[in-house]
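Structural features, examined
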Amino acid sequence: MEISNQYRFDSFAEGECSKLACAACKAIVESEELHGNPLVLVGGTGLGKTHLLHSVANALKAKNNELKLVCSTALEFYEEFAKCMQLKKENNPAPIEEMSAKYRNADVLILDDFQNIAGKTHSQHELLQVFNALLLAGKPVITASQVPVSDMENLNESLRSRMNSGLTIQISPPALVDRLAILRKKFDMIRFKIDEEVLLHLAERTSGTASDLVGIVSNIKFKVLQNNRNADLEMADEILEEHFSNSHRTITMEAIVKVVTASYGISIETLKLKGRGGKEAVLARQTAMYLIRSLLKKSFEHIGKYFNRDHSTALYACKEIEKKMLKEMPFNSEIKKLKKNLYE
């Protein structure tokens with residue numbers, strides 16, 4: 001993974017949703033004390049995980065250019081390991097030995113998109129040995145994942161245990177106050193003046209991720225320059241409509257529940273309360289859980305709690321829907337239709 005110089009702590013728009021994650025990353029750079037090792041950042045796409053990982057790398061390099069800093073993604077680790085193993089089968093063990101030494105002798109390991117290691121048995125075992133070597137030596141390991149480690153299927157249990165033994169921090173989608181702070185900082189960074197009323201309007205009208213908000217800032221600036229006029233509420237609405245059209249539209253748990261209950265003709269109360277409704281309500285609830293899991297990557301614990309149920313119920317629901325989709329083409333079409341409705 002090549003480190004991007006544009007991702008730094010001073011360009012990161014910190015909010016309540018990312019305050020703990022940002023503080024934990026800065027602590028690794030600013031002090032030798034580790035509050036939890038490994039540090040695992042968990043959150044959906046576009047919430048700033050990768051930005052923070054790159055920020056740590058850039059800050060560490062600036063502080064000590066001699067530091068053995070290894071940055072990779074889980075997929076890159078897997079591909080590198082698979083290539084080395086193939087060469088080993090061809091009687092060339094040197095590459096696998098070099099790879100092992102590179103990772104195990106690192107002063108700091110940064111690994112992005114950890115969820116992509118799931119199901120890759122042999123590379124998981126190698127990664128576990130790397131983690132063991134670094135953690136036992138007190139070397140920082142910083143990872144990011146779209147899925148909580150506890151919810152990942154086909155993951156080596158020893159590796160899962162290692163990951164869960166450190167500090168896990170969830171980064172949530174930005175709330176209104178966070179969205180306002182992110183927009184304000186991004187406009188300030190490009191030295192672009194925007195009316196406070198328009199800024200608030202943009203923050204209120206979107207529930208997008210940090211990445212979405214950065215895109216909105218770029219679109220506003222472009223439109224202002226192209227049309228040679230100041231940004232106003234009308235322009236703000238045009239930008240929001242264009243940015244969140246089709247597949248780019250932001251989906252929420254509430255939106256999913258609303259679409260599912262409308263499709264099945266039941267109330268939201270029936271969907272969320274225990275002991276209510278018959279088979280139709282159960283299927284609707286399982287469908288909502290599946291859509292939330294597949295579209296928003298929420299943890300089973302989070303989904304279960306939202307529906308007043310436990311982790312295992314949400315996990316079971318998602319598996320049942322997946323089985324039903326494979327067996328019944330009409331039901332598979334219904335799921336696709338529900339997804340389409342969410343983006344309209």
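Below is a summary of the structure that appears in this document. Everything numeric here is computed off the predicted structure, so don't read it as measured data.

What to know about the nonpolar core
- Judged by nonpolar contacts, the single largest core of 31 residues is most densely connected at Ile256, Phe307 and Ile335.
- Contributing elements (two or more residues each) for this core: helix H11 (253-264), helix H13 (279-296), helix H14 (300-306), helix H15 (311-327) and helix H16 (329-342).
- For this core, the leading source of residues is H13, giving nine residues.
- In this view, isoleucine 256 contacts Ile251, Ala288, Leu291, Ile292, Leu295, Leu296 and Leu342; residues no more than four positions away in its chain are not counted.
- Within the second largest apolar cluster, 28 residues are counted, among which are Phe77, Cys84, Phe114 and Leu128.

What about the packing of aromatic side chains?
- Taken as a whole, this structure holds three aromatic pairs when the rule is applied.
- Seen in terms of ring centroids, tyrosine 306 and phenylalanine 307 are 5.1 Å apart; in terms of plane orientation they differ by 80 degrees. Their pairing is edge-to-face. The burial state of tyrosine 306 is the same as that of phenylalanine 307; both residues are buried.
- Positioned above the aromatic ring of phenylalanine 300, the side-chain terminus of arginine 293 is 4.0 Å from the ring centre.

Observations regarding the state of the cysteines
- Using the criterion set out here, one finds zero disulfides in the structure.
- In this structure cysteine 17 is a free cysteine whose sulfur lies 11 Å from that of cysteine 22, the closest cysteine sulfur available.

A closer look at the packing of helix H7 (residues 176-189) against helix H9 (residues 210-227)
- Where H7 meets H9, the axes come as close as 10 Å, and the angle between the chain directions of the two elements is 45 degrees. Relative to H9, the element H7 lies oblique. The interaxial crossing formed by H7 with H9 has right-handed handedness. Together, Arg179, Ile182, Leu183, Lys186 and Phe187 of H7 and Ala210, Leu213, Val214, Val217 and Ile220 of H9 make up the contact between the two elements.
- Class assignment of the residues belonging to the contact of H7 with H9 gives a composition of eight nonpolar, no polar and two charged.

Description of unusual backbone geometry
- Positive phi, normally seen in glycine, also occurs at asparagine 91, with a value near 65 degrees.
- If you trace the backbone, asparagine 91 turns up in the loop between helix H3 (74-89) and helix H4 (94-104).
- Its identity is not glycine, yet arginine 191 carries a phi of approximately 55 degrees, on the positive side.
- Within the element layout of this structure, arginine 191 appears in the loop between H7 and helix H8 (196-205).
- Owing to a relative accessible area of 79%, arginine 191 belongs among the exposed residues under this scheme.

Some remarks on the environment of alanine 175
- Among the secondary structure elements, alanine 175 is positioned in the loop between strand S5 (167-170) and H7.
- Distance in space between the C-alpha atoms of alanine 175 and isoleucine 190 is 23 Å, their sequence separation being 15 residues.

A look at the packing of H7 against H8
- Put simply, H7 and H8 touch, their axes get as near as 9 Å, and they point 130 degrees apart. Here H7 is positioned oblique relative to H8, judged by the angle of their axes. The handedness of the crossing between H7 and H8 comes out as right-handed. Between H7 and H8, the residues in contact are Leu176, Arg179, Leu180, Leu183, Arg184 and Phe187 and Glu196, Leu199, Leu200, Leu202, Ala203 and Glu204, respectively.

Scoring rules and cut-offs
Residues numbered from 1 in each chain as written. Predicted model: local features only at pLDDT ≥ 70, side-chain atom pairs only at ≥ 80, totals over all residues. Heavy atoms only, no water. Core = buried A, V, L, I, M, F, W, Y, C linked by side-chain atoms within 4.5 Å. Buried < 20%, exposed > 50% of the residue type's maximum accessible area, 1.4 Å probe, protein only. Helix = DSSP H or I, 4+ residues; strand = E, 2+ residues; numbered from the N terminus. Contact = heavy atoms within 4.5 Å. Phe/Tyr/Trp six-rings, centres within 6.5 Å; stacked < 30°, edge-to-face > 60°. Lys NZ or Arg CZ within 6 Å of the ring centre and 35° of its normal. Disulfide = S-S within 2.5 Å. Axes fitted to C-alpha atoms, helices over the stretch in contact; angles between N-to-C directions. Parallel < 35°, antiparallel > 145°, perpendicular 65-115°, else oblique. Left-handed = near helix turned anticlockwise from the far one by under 90°. Nonpolar A, V, L, I, M, F, W, Y, C, P; charged D, E, K, R; others polar.

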